[in-house]
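Each chain is listed here by its residues.
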Amino acid sequence: MNSTTLQRCVIFGNPIAQSKSPEMQMQFAHNVGVNLEYLKVLTPLDDFAGTLKHWVNQGIVGANITVPFKEEIYQLCDDLTPEARTAKAVNTIRIQEGKIYGHNTDGIGLIRDITELKGIQIAGKRVLVLGAGGAVRGIMQPLLDQKPHSVMMSNRTLIKAEQLVQEFANSTQCDISAVAWHDLQDEFDLIINGTSASLQQDFPALPQGTIGSDTIGYDLVYSNQPTIFMEYIYDNGGKKAYDGLGMLIEQGVYAFEFWFGKKPSIEGVMAIFGR
Ligand code: ATR
């Protein structure tokens, strides 16, 4: 690929105004010398497929897909990476000779942030995953691949957590189970919040004993202020709590690599998020 040729990518979502992906991807492009234009596309809720087709015809190289289209795009891809296939959700597509290749970089982005950038081992740890929606589905297989000691799943609607356990139980050696929120009792090493509770400023209390002095919390949501989940971890004596900014950046790094075959440095990216 000639790096002076203008490459165009977009992000599809609704709402989309809040997305910092354009600034972030433009910074990555700058860092590796790709001539990139990256646009936000406010996508009508009732015409994702038509909007996608329009932009594919416009010659985009790739796209990110965010809420609420990650599952719909999964159905529209011509081929899928193993990550997208197990997640049954797609957050990144590449267009090649008119064909749409779907990938999911959310899980690998999360794992890279936790294990490599934050230096937290998941292998052998007792992990609690809260939530059972699209965000959790995207991280399950990469999380299990880290070989934690156990993964307990809990959700406001327990049946959805039980369904995820059934779906992933055959693809792991680790002890995976679903437990009702109010029946949780063991202490966990790592608690991942994949609910959208932080967005609603409404985090339901966990039973006493689930958070100890070594417990680390990780909220998949990112925010300029500590999220309600992060505050909950600290208020209950946990060791450390993170928001999902690191995951957001790393999923973007993997998306860029999927489009352009080069892993960009993240130099200059923190400033985009005011950190
Ligand atoms: P996403 O794509 O962000 O995962 P989603 O698929 O709508 O969004 O899933 C949202 C998740 O957050 C669900 O697990 C939801 O629980 P339910 O399955 O019971 O709906 C959870 N959730 C949303 N609001 C919550 C709240 N106030 N307290 C606890 N869990 C909440």
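Quick caveat, the model's predicted, so the values are computed rather than measured. (Residues numbered from 1 in each chain as written. Predicted model: local features only at pLDDT ≥ 70, side-chain atom pairs only at ≥ 80, totals over all residues. Heavy atoms only, no water.)

### Remarks on the UniProt feature "binding site: shikimate" (unreviewed entry) in the protein
In the UniProt entry, the feature "binding site: shikimate" (unreviewed entry) is given for Ser 19, Lys 20, Ser 21, Thr 66, Asn 91, Asp 106, Tyr 222 and Gln 251. Setting aside residues up to four positions removed in sequence, Asn 91 forms contacts with Ala 63, Asn 64, Ile 65, Lys 70, His 103, Asn 104, Thr 105, Asp 106 and Gln 251. Relative to the helices and strands, Gln 251 resides in helix H9 (residues 245–260). Not counting the four nearest positions on each side in its chain, Gln 251 is found in contact with Met 24, Asn 64, Asn 91, Thr 105, Asp 106 and Gly 109. (UniProt positions renumbered as here; feature names shortened; annotations may be inferred. Contact = heavy atoms within 4.5 Å. Helix = DSSP H or I, 4+ residues; strand = E, 2+ residues; numbered from the N terminus.)

### Describing the pattern of salt bridges
A complete count under the given rule lists ten salt bridges for this structure. When the shortest N-O distance is used, the salt bridge between Glu 37 and Arg 8 registers 2.6 Å. Of this pair, Glu 37 sits in strand S2 (residues 36–42) while Arg 8 sits in strand S1 (residues 7–13), and the two are 29 residues apart along the sequence. Of the residues examined, Glu 37 reaches a relative accessible area of 26% and is grouped as partly exposed. (Salt bridge = Lys/Arg side-chain N within 4 Å of Asp/Glu carboxyl O. Buried < 20%, exposed > 50% of the residue type's maximum accessible area, 1.4 Å probe, protein only.)

### As for the packing of helix H1 (residues 21–32) against H9
Between H1 and H9, the least distance of the axes is 10 Å, while the angle of their chain directions is 55°. The angle between the axes of H1 and H9 places the two elements in the oblique class. The element H1 and its partner H9 pack so that their crossing is right-handed. Contacts from Met 24, Gln 25, Phe 28, Ala 29 and Val 32 of H1 reach H9 at Leu 248, Ile 249, Gln 251, Gly 252, Val 253, Ala 255, Phe 256 and Trp 259. Split by residue class, the contact of H1 with H9 holds ten nonpolar, three polar and no charged. (Axes fitted to C-alpha atoms, helices over the stretch in contact; angles between N-to-C directions. Parallel < 35°, antiparallel > 145°, perpendicular 65-115°, else oblique. Left-handed = near helix turned anticlockwise from the far one by under 90°. Nonpolar A, V, L, I, M, F, W, Y, C, P; charged D, E, K, R; others polar.)

### Focus on the site of the ligand
The environment of the ligand is made up of 15 residues, and the closest members are Ala 135, Asn 155, Arg 156, Thr 157 and Lys 160. Relative to its unbound accessible area of 640 Å², the ligand is 76% covered by the protein chains. In terms of residue class, the shell around the ligand is built from four nonpolar, eight polar and three charged. (Near = heavy atom within 4 Å. Areas by Shrake-Rupley, 256 points an atom, 1.4 Å probe, with all protein chains shown as cover.)

### So, unusual backbone geometry
Omega for the peptide link from Asn 14 to Pro 15 comes to 5°, which places this bond in the cis form. Structurally, the position occupied by Pro 15 is in the loop between S1 and H1. One non-glycine residue, Lys 147, lies in the positive phi region at around 60°. Among the secondary structure elements, Lys 147 is positioned in the loop between helix H6 (134–145) and strand S8 (150–154). Notably, Gln 201 is not glycine yet its phi reads approximately 55°, a positive angle. Relative to the assigned elements, Gln 201 resides in the loop between strand S10 (190–193) and strand S11 (216–219).

### Overview of the environment of Ala 123
For Ala 123, the location among the structural elements is in the loop between helix H5 (106–117) and strand S7 (126–130). Using a relative accessible area of 37% as the deciding quantity, one classes Ala 123 as partly exposed. Residues Ala 123 and His 149, 26 residues apart in the sequence, show an inter-C-alpha distance of 6.7 Å.

### Quick word on the domain arrangement of the protein
Looking at the assigned domains, one finds that the protein contains domain 1 (7–103) and domain 2 (107–246). Distance from the C-alpha centre of domain 1 to the C-alpha centre of domain 2: 27 Å. Approximately 550 Å² of surface area, both sides summed, lies buried where domain 1 meets domain 2, with 56% of it carried by carbon and sulfur atoms. Per-residue buried area on domain 1 facing domain 2 is highest for Thr 86, Ala 87 and Lys 88; these three make up 57% of the total on that side. (Domains from an automatic or database assignment. Buried area = accessible area lost by both parts, 1.4 Å probe.)

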